[in-house]
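Coordinate inspection notes
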Amino acid sequence: MHSNQCLDFVKGRMQHWLKFNHLEMNVMEALDLLNSLVDESDPDVDLPNSIHAFQTAERAREAHPDKDWMHLTGLIHDLGKVMALYGEPQWATVGDTFPIGCEFSDKCVFGKASFAQNPDIDNPVYSTKLGMYEENCGLRNVVMSWGHDEYMYQVLKHNKCTLPEEALCMVRFHSFYPWHTGKDYMYLCDDHDLNMLQWVLEFNKFDLYSKSERVPDVEALKPYYQALIDKYMPGVMNW
């Protein structure tokens, strides 16, 4: 995965997927699709991702009963993985994420050595600490590695969902482990990112630790979550 996640590759995947002309489906249909996907990068679970979605949502609901947007974020945070069912290899769909166009961090999963074959390490700009960015430019201005996090974030923006900014950051950065866990790349962050970090960390409690729980009664939960979908991201979406 890390060998291939260079700037040219990411730009190519964005050009391909961000036309949003691949699928038309609603959220529940996307969840049903995930029944056939098992994330090869996740050693903690062999259940379909749709089950993990409801587990994460219910943990968020239990901890924050007054934040219905967070419940829905738990449900939809991994929906970008539908790419893997439409030709995208899993190494470009799942796994950790990190900035592209600047020096790779040793805090990335598998360490800096995993980028040894990445062509960007020989680029005189992209191999420097700041690379093509300015210090404290803000993560909104940073190109992230290609995967389900970035894709779903872009899907939500394109379809004009009304989830709050905190939810969008949870979706985009929940696999950005060198940042929210390793505390690296802080030199790219602005004040907005630092404020959002606490929300990403809070969300990851429900994402990371929901995978060994009992399987929820999905059919019983669907009416509640359908109401949230209708509130924040109704109808058919372009993917």
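Cut-off values and rules
Residues numbered from 1 in each chain as written. Predicted model: local features only at pLDDT ≥ 70, side-chain atom pairs only at ≥ 80, totals over all residues. Heavy atoms only, no water. Axes fitted to C-alpha atoms, helices over the stretch in contact; angles between N-to-C directions. Helix = DSSP H or I, 4+ residues; strand = E, 2+ residues; numbered from the N terminus. Parallel < 35°, antiparallel > 145°, perpendicular 65-115°, else oblique. Left-handed = near helix turned anticlockwise from the far one by under 90°. Contact = heavy atoms within 4.5 Å. Buried < 20%, exposed > 50% of the residue type's maximum accessible area, 1.4 Å probe, protein only. Salt bridge = Lys/Arg side-chain N within 4 Å of Asp/Glu carboxyl O. Core = buried A, V, L, I, M, F, W, Y, C linked by side-chain atoms within 4.5 Å. Phe/Tyr/Trp six-rings, centres within 6.5 Å; stacked < 30°, edge-to-face > 60°. Lys NZ or Arg CZ within 6 Å of the ring centre and 35° of its normal. Polar contact = N/O pair within 3.5 Å; in protein donor to acceptor, adjacent residues only side chain to side chain.

**Here we look at the packing of helix α3 (residues 49-63) against helix α9 (residues 218-232)**
In the contact formed by α3 and α9, the axes pass within 12 Å of each other and the chain directions differ by 60°. Judged by the inter-axis angle, α3 sits oblique to α9. Of the two elements, α3 crosses α9, and the hand of that crossing is left-handed. Residues Ile51, Phe54, Ala57, Glu58 and Arg61 of α3 lie in contact with α9, whose contacting residues are Val218, Leu221, Lys222, Tyr224 and Tyr225.

**Some points on helix α5 (residues 148-158)**
An α-helix turns once per 3.6 residues; consequently, residues spaced three or four apart project the same way. Extensive coverage of α5 is indicated by the burial of nine of its 11 residues. Of all the positions in α5, only His148, Asp149, Glu150, Tyr151, Met152, Tyr153, Gln154, Val155 and Leu156 are classed as buried. In this structure, the buried side of α5 is in contact with α1 (7-17), α4 (68-76), β3 (143-144), α6 (165-173) and β4 (237-238). Immediately beyond the C-terminal end of α5, within one or two residues, lies Lys160, with a positive phi of roughly 55°.

**A short note on the pattern of salt bridges**
In the structure shown here, the tally under the stated rule is 10 salt bridges. Residue Lys67 pairs with Asp66 through a salt bridge whose shortest N-O separation is 3.6 Å. Measuring nitrogen to oxygen at the nearest pair gives 3.2 Å for the salt bridge that ties Lys222 to Glu219. Linking Lys222 with Glu219, this pair stays in helix α9, spanning three residues, or about one helical turn.

**A short note on α6**
The element α6 is extensively covered by neighbouring structure, given that seven of its nine residues are classed as buried. When α6 is considered as a whole, its buried residues turn out to be Ala167, Leu168, Cys169, Met170, Val171, Arg172 and Phe173. At its buried positions, α6 is contacted by α4, β3, α5, α7 (177-180) and α8 (191-208).

**Details of the nonpolar core**
The nonpolar side chains of soluble globular proteins are, as a tendency, buried together. Core analysis: the biggest nonpolar cluster contains 71 residues, and Leu75, Ile76, Met233 and Trp239 have the highest contact counts within it. Secondary-structure elements contributing two or more residues to this core are α1, α2 (27-33), α3, α4, α5, α6, α8 and α9. Apart from the residues lying within four places of it in its own chain, the contact partners of Trp239 are Phe20, Asn21, His22, Leu23, Glu24, Met25, Ala30, Leu79, Val82, Tyr151, Met152 and Val155.

**With respect to the packing of aromatic side chains**
The final tally for this structure, using the stated rule, is 14 aromatic pairs. Summarising the aromatic geometry, the rings of Phe54 and Tyr225 are spaced 5.8 Å apart at their centres and angled 85° between planes, so their arrangement reads as edge-to-face. Taken as a pair, Phe54 in helix α3 and Tyr225 in helix α9 lie far apart in primary sequence, 171 residues in all. When the ring of Tyr224 is compared with that of Tyr225, the centres are 4.9 Å apart and the planes differ by 85°; the resulting orientation is edge-to-face. A relative accessible area of 26% means that Tyr224 is categorised as partly exposed. Classification of Tyr225 as buried rests on a relative accessible area of 0%. Among the aromatic residues, ring-to-ring pairing joins Phe173, Phe176, Trp179, Tyr185 and Tyr187 into one connected group. Sitting over the face of the ring of Tyr224, Arg61 holds its NZ or CZ atom 3.7 Å from the ring centroid. Sitting over the face of the ring of Tyr187, Lys129 holds its NZ or CZ atom 4.5 Å from the ring centroid.

**Remarks on the side chain of Asp190**
Mapping Asp190 onto the fold places it in the loop between α7 and α8. Taking relative accessible area as the criterion, Asp190 reaches 17% and is therefore assigned buried. In terms of polar contacts, Asp190 uses its side chain to reach the side chain of Arg140, at 2.7 Å. Separated by 3.0 Å, the side chain of Asp190 and the backbone nitrogen of Asp193 make a polar contact. Beyond its immediate stretch of four places on either side in the chain, Asp190 contacts Asn136, Cys137, Gly138 and Arg140.

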